[in-house]
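Chain residues, written in single-letter form:
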Amino acid sequence: MSIALIAVAVLVVLLVLVSLRRRSRRQKVIAPQQARKAMPDILVKEVAPRPSIEHGAELDLSQRLGSSRSIFERVRSIASTGSLSTEQIDTVEEVLLRSDVGVKVTNEILQDLKTNGAPNGVASTVRAALLSSLGGDRSVTTSADAGRVPVWLFVGVNGVGKTTTIGKLSQRFVSDGKKVVLAAGDTFRAAASEQLQMWAERTGADIVRAGEGADPSSVVHDAIGRASARKSDIVLADTAGRRANSSNLLDELSKVRRVADRDPGQVVETFMVLDATTGQNALTQAREFLGAASVTGIVLTKLDGTARGGIVVAIERELGIPVKFVGVGEGVQDLIVFEPVAFVDSLLDA
Amino acid sequence: MFDALSDRLERLGSSLRSKGRLTDADLDEALLEVRSALLEADVELGVVKAFLDAVRERLSGTALSQSLSPGQQVIKAVHEQLIEVLGGAPLKVTYASKPPTVILLAGLQGAGKTTTAAKLASWFKQQGRNPYLIAADLQRPAAVEQLRVLGAQIGVDVFSDTSNPVKVAKRGLAEATRIGRDVVIIDTAGRLAIDKELMKEVRSISDATSPHYTFLVIDAVTGQDAVLTARSFHETLALSGIIVTKLDYDARGGAVLSARGVVGKPVVFASTGEKIADFDLFHPDRMASRILGMGDMLSLIEQAERTMDQDVLAESSGRMLSGAFTLDDFMAQLNQVRKMGSMGGLMKLMPGMTKEMRQAADNVDDGQLNRVEAIIKSMTPKERRDPNILDSSRRTRIAKGSGTSVNAVNQLIKQFGDMKKMMRQMSGGGMPNLPGGMGKMAQMAAKASAARGGDLPPGFEALGAGMQSGAQASRPGGGGKNKKKKGGRVTPPKQR
């Protein structure tokens, strides 16, 4: 409180002083209106090319990308005896780093390779190391205690695909003959409720929504109330995307979870939805959302693109949160159960 | 952003600072640290390698400076290289001679295109332009609705229908021309770079509308994939620049470096928060300084000038300088500051913020300002003019009226008193004693304003030096006289 206020005060004072000084100076130099007229309205389509390192980087890079696959193929075929060559180590490092598993996991695997060698070949050693990090329990809970409504809560940063994921899961449950209530808990983003509403209509689920700016906890609470009254099978609760480095936004999320977990509701799964293109920040996201909302699993979305989503290895290794579902497209069917073996193969092959 | 990187480099700097001479081994060790920091910041591997080679070349090419220690020279080389990769001088947005100027936004799903479209429209509005939004994302449910709501918030019309994206873009453009709008922003559906069908579609939109600018909207927390995505979009659309979003998410944000490095087009705008106002031109030179933890006073001042009401400020600050500052004035100024964006985001721009303060900035609750406002509004006009008359019964009443505690009221009164004292000092020409790094910040601001034409001391030790050298690097040969007008040139002319 006090830091913020003092900062604001200082800010105000400084800005006023600076702005006054600059204002008087600018008035002396040139009147803004004239300046505007003096500016020629030209059409610039191309930005002047910059003679810098990028061109080199681009060439270098495409060569690398083109060759990285074949290099790994080559490494894979080498039945390793004794110590590994620098080239092999470098190739493994490159493949791992490019798949976003991160510097830490990469270094650990490399260290292991250097000390223990690769008696069964480099590729299978790396593969085994990655797989051993993905040994968590991936089962999902769909039932609650007697008389209570099971709630799946979806959390994550902006734009990862929470609402779409809920739509796809809603379809799954409805086709299994379940009665689903969607809770439009994203009351922040413009038209987020409308987006979920369309999913409800498309999949034949019930929906509870409120106006923009409403309290997300109360929306979730109402959805649970309705589900309980109508004897629905599950509540899928959406929340607004939020950055993971703000304790206020995380507190709000904790509250939503607490309210959802109150009788007759029972939060049986909390999914952090994660965009596969995300880099190392995903670890921060997982850590913070785990702390704020007791995340029980990850839904890894947008895995149908070029991104490999390797950071989930680091997340499960470090925080023990398993990936449970994978989003592989925009279609309603494009949500599948996570398969560690297939995933690791795609990390290494691609 | 990039805090992690700057921390690393600072640590690196201090371990090298003790040495008198930079050996090859030192350099290898230093560059290994830089490499690690860049990779942890998600900078793409190829870009990292090119970056390190360039830094090495910088260091080996020039003779060791007499005035800088080896550690400082490494940091200086990294800093200069950052400026170069991030783009040197910023891209100046110019307008088509035959309006409207057409801007196409493209990117992956969830990068923030729709929000960016609205923020961009709002930015052009502030430039005195008359923007028009076209919602050509017919893919995602309610994407059009989202843009309509945002458009209504910022007072910009949104065009859309349900035909198909190419037709919508074409019709929207025709409509914009008909009603005489001078800037048209086309929002498109998110698409994967490897989805040939959808990439063809966005190409058709581009062909049908011949945009003057095509921007790739990219998420700052993107990992290694940033490069592949950026390249595919560049190959399909011939990008003119990059807009980076969610810069407030992470201290690192290496995707900016990756995308910039591989596409070779500048980052033009950056979005740093959920509010419409949290959006501005991207300044590579300033960003490079920010990477090294030097704050960004210039951006702050420009943001202030853009969003604040000059008349309200002038009036209240006139009283401020004369010492007759009241709580009413304080509240007026608070509201002005609030218009600039989220408090945490603003605090991060301040130079001289320590790591702890930056962390605190993440947790600044804008709701606290609501409480401050509630307290002030619960006072009578007389109390606001003269807080000295506040006895305990008045304070209890105010606490009740504002739904806060007497403690909170006391705190506010005390802080207001401190503030007045500080202002007296400042208007008297002296620098007040401020807590933490804020004293430095005040000096910084003074430098940025008054002493802008003066000769700032060279070297890298002073807090402001990085900022200054950043400015020099992008404006070679800029003499003292030139610099004096710098402030006026960085911001496009105001329409007031």
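**With respect to the pairing of strand β1 (residues 101-106) of chain B**
Residues and elements named next belong to chain B.
Okay, step 1: The buried fraction of β1 is high, at six of six residues.
Okay, step 2: Judged from the five bridges that link them, β1 and strand β4 (residues 183-188) form a sheet pairing that is parallel. Following the sheet pairing, Thr101 is matched in β4 by Val183.
Okay, step 3: Strand direction decides the pairing type here: β1 and strand β5 (residues 213-219), joined by four bridges, are parallel. The partner of Ile103 across the bridge, within β5, is Tyr213.

**Here's the deal with the packing of aromatic side chains**
All names here are of chain B.
Okay, step 1: Tallied over the full model, the rule gives 13 aromatic pairs over all chains.
Okay, step 2: Centre to centre, the rings of Trp123 and Phe269 are 4.9 Å apart; their planes meet at 75°, and the pair counts as edge-to-face. One end of the pair, Trp123, is in helix α5 (residues 113-126); the other, Phe269, is in strand β7 (residues 267-271), with 146 residues separating them in the sequence.
Okay, step 3: Site record: aromatic cluster; members linked through ring pairs are Tyr95, Trp123, Phe124, Tyr213, Phe215, Phe269 and Phe279.
Okay, step 4: The positively charged end of Arg129 is found above the aromatic ring belonging to Tyr95, 3.4 Å away from the centroid.

**Focus on the environment of Asn335 of chain B**
Okay, step 1: Summarising the element assignment, Asn335 of chain B is placed in helix α14 (residues 327-339).
Okay, step 2: Separated by 38 residues in sequence, Asn335 of chain B and Glu373 of chain B have C-alpha atoms that sit 8.9 Å apart.

**A few points about the pattern of salt bridges**
Okay, step 1: Inspection of every chain in the model, using the stated rule, returns 36 salt bridges over all chains.
Okay, step 2: Residue Asp328 of chain B is joined to Arg384 of chain B by a salt bridge in which the shortest nitrogen-to-oxygen separation is 3.2 Å. On the criterion of sequence distance, the pair formed by Asp328 of chain B in helix α14 and Arg384 of chain B in helix α18 (residues 381-385) is long-range, its members being 56 residues apart.
Okay, step 3: Members of the salt-bridge network, linked through shared partners, are Glu94 and Arg98 of chain A together with Glu44 and Lys49 of chain B.

**Considerations on the sheet that holds strand β1 (residues 149-155) of chain A**
All names here are of chain A.
Okay, step 1: An order of β3-β2-β4-β1-β5-β6-β7-β8 is seen for the eight strands of this open sheet, with the pairing classed as mixed. Of all the strands in the sheet, just β3 (206-208) and β8 (335-337) have a single pairing partner and so form its edges. Within this sheet the neighbouring strands show an average axis-to-axis angle of 25°, counted without direction.
Okay, step 2: When β1 meets strand β5 (residues 265-275), the two strands line up parallel, connected through seven bridges. Bridge pairing in β5 links Pro150 to Gln266.
Okay, step 3: Against the sheet, helix α8 (residues 192-203) makes contact with β2 (180-183) and β3, and its axis sits at roughly 165° relative to β3, the strand it touches most.
Okay, step 4: Strands β1 and β5 of the sheet are contacted by helix α10 (residues 247-260), whose axis makes an angle of about 145° with β5.

**A closer look at the packing of helix α5 (residues 103-116) of chain A against helix α12 (residues 311-319) of chain A**
Residues and elements named next belong to chain A.
Okay, step 1: Taken N-terminus to C-terminus, the directions of α5 and α12 make an angle of 80°; their axes are 9 Å apart at the nearest point. What the angle tells us is that α5 and α12 run roughly perpendicular. Here Lys104, Val105 and Glu108 of α5 come into contact with α12, specifically with Val313, Ala314, Arg317 and Glu318.
Okay, step 2: Across the contact of α5 with α12, the residue classes tally to three nonpolar, no polar and four charged.

**Some points on the side chain of Thr229 of chain B**
Okay, step 1: Residue placement: Thr229 of chain B occurs in helix α9 (residues 225-237).
Okay, step 2: Apart from residues lying up to four places away in sequence, Thr229 of chain B is in contact with Thr306 of chain A together with Leu108 and Ala193 of chain B.

**Concerning the sheet that holds strand β3 (residues 158-159) of chain B**
All names here are of chain B.
Okay, step 1: With mixed pairing, eight strands are arranged side by side in an open sheet as β3-β2-β4-β1-β5-β6-β7-β8. Two strands bound the open sheet, and with one partner strand each, they are β3 and β8 (279-281).
Okay, step 2: Across five bridges, the pairing between β5 and strand β6 (residues 241-245) is parallel. Within β6, the residue paired with Val217 across the bridge is Ile243.
Okay, step 3: Of the strands in this sheet, β1, β2 (131-136), β4, β5, β6, β7 and β8 touch α5, which is tilted by about 170° from β4.
Okay, step 4: Along the sheet, helix α7 (residues 165-178) makes contact with β1, β2, β3 and β4, crossing β2 at roughly 165°.

**Describing the nonpolar core**
Okay, step 1: With 86 residues, the main nonpolar core has Leu130, Trp152 and Leu236 of chain A as its most contacted residues.
Okay, step 2: Val102, Leu216, Ile242 and Phe282 of chain B belong to the second-largest nonpolar core, a separate cluster that totals 64 residues.

**A few points about unusual backbone geometry**
Okay, step 1: Omega for the peptide link from Asp263 of chain A to Pro264 of chain A comes to 10°, which places this bond in the cis form.
Okay, step 2: Here Pro99 of chain B and Pro100 of chain B are connected by a cis peptide whose omega angle stands at 5°.
Okay, step 3: Notably, Ala191 of chain A is not glycine yet its phi reads approximately 65°, a positive angle.
Okay, step 4: For Ala191 of chain A, the location among the structural elements is in the loop between β2 and α8.
Okay, step 5: The class for Ala191 of chain A is buried, based on a relative accessible area of 4%.
Okay, step 6: Positive phi outside glycine occurs at Lys302 of chain A, with the angle close to 60°.

About the cut-offs
- Chains are numbered independently. Their residues run from 1 in the order of the written sequence.
- Chain labels run from A onward and ligand labels from 1 onward, assigned in the order the entries are written.
- It should be noted that, the model being predicted, local features are given only for residues of pLDDT at least 70 and side-chain atom pairs only at 80 or more, the latter also being counted only at that level, while totals for whole chains, interfaces and linings use all residues.
- Remark: hydrogens and water are excluded; side-chain values derive from all non-hydrogen atoms of the structure.
- Whether a residue is buried, partly exposed or exposed follows from its accessible area with a 1.4 Å probe, protein chains only, as a fraction of its type maximum: under 20%, in between, or over 50%, in that order.
- Secondary structure is summarised from DSSP: a helix means a run of H or I of at least four residues, a strand means a run of E of at least two, and numbering begins at the N terminus for each.
- Pairs of strands are assigned from DSSP output, requiring at least two bridges between the strands.
- Aromatic contacts are taken between Phe, Tyr and Trp rings whose centres are within 6.5 Å, Trp giving its six-membered ring; a plane angle under 30 degrees counts as stacked, one over 60 as edge-to-face, and the others as tilted.
- In this scheme, the term charge over a ring applies when either NZ of a lysine or CZ of an arginine sits within 6 Å of the ring centre and within 35 degrees of the ring normal.
- A carboxyl oxygen of Asp or Glu within 4 Å of a side-chain nitrogen of Lys or Arg is what we treat as a salt bridge.
- To get an axis, fit a line to the C-alpha atoms, keeping to the stretch in contact for a helix; angles then go from 0 to 180 degrees between the N-to-C directions.
- In what follows, residue pairs with any heavy atoms lying within 4.5 Å of each other are defined as contacts.
- Throughout, the term roughly parallel applies to angles under 35 degrees, roughly antiparallel to angles over 145, roughly perpendicular to angles from 65 to 115, and oblique to all others.
- The classification used treats Ala, Val, Leu, Ile, Met, Phe, Trp, Tyr, Cys and Pro as nonpolar, Asp, Glu, Lys and Arg as charged, and all other residues, Gly among them, as polar.
- Joining through side-chain atoms within 4.5 Å is the link that ties buried Ala, Val, Leu, Ile, Met, Phe, Trp, Tyr and Cys residues into a set, and such a set is a nonpolar core.

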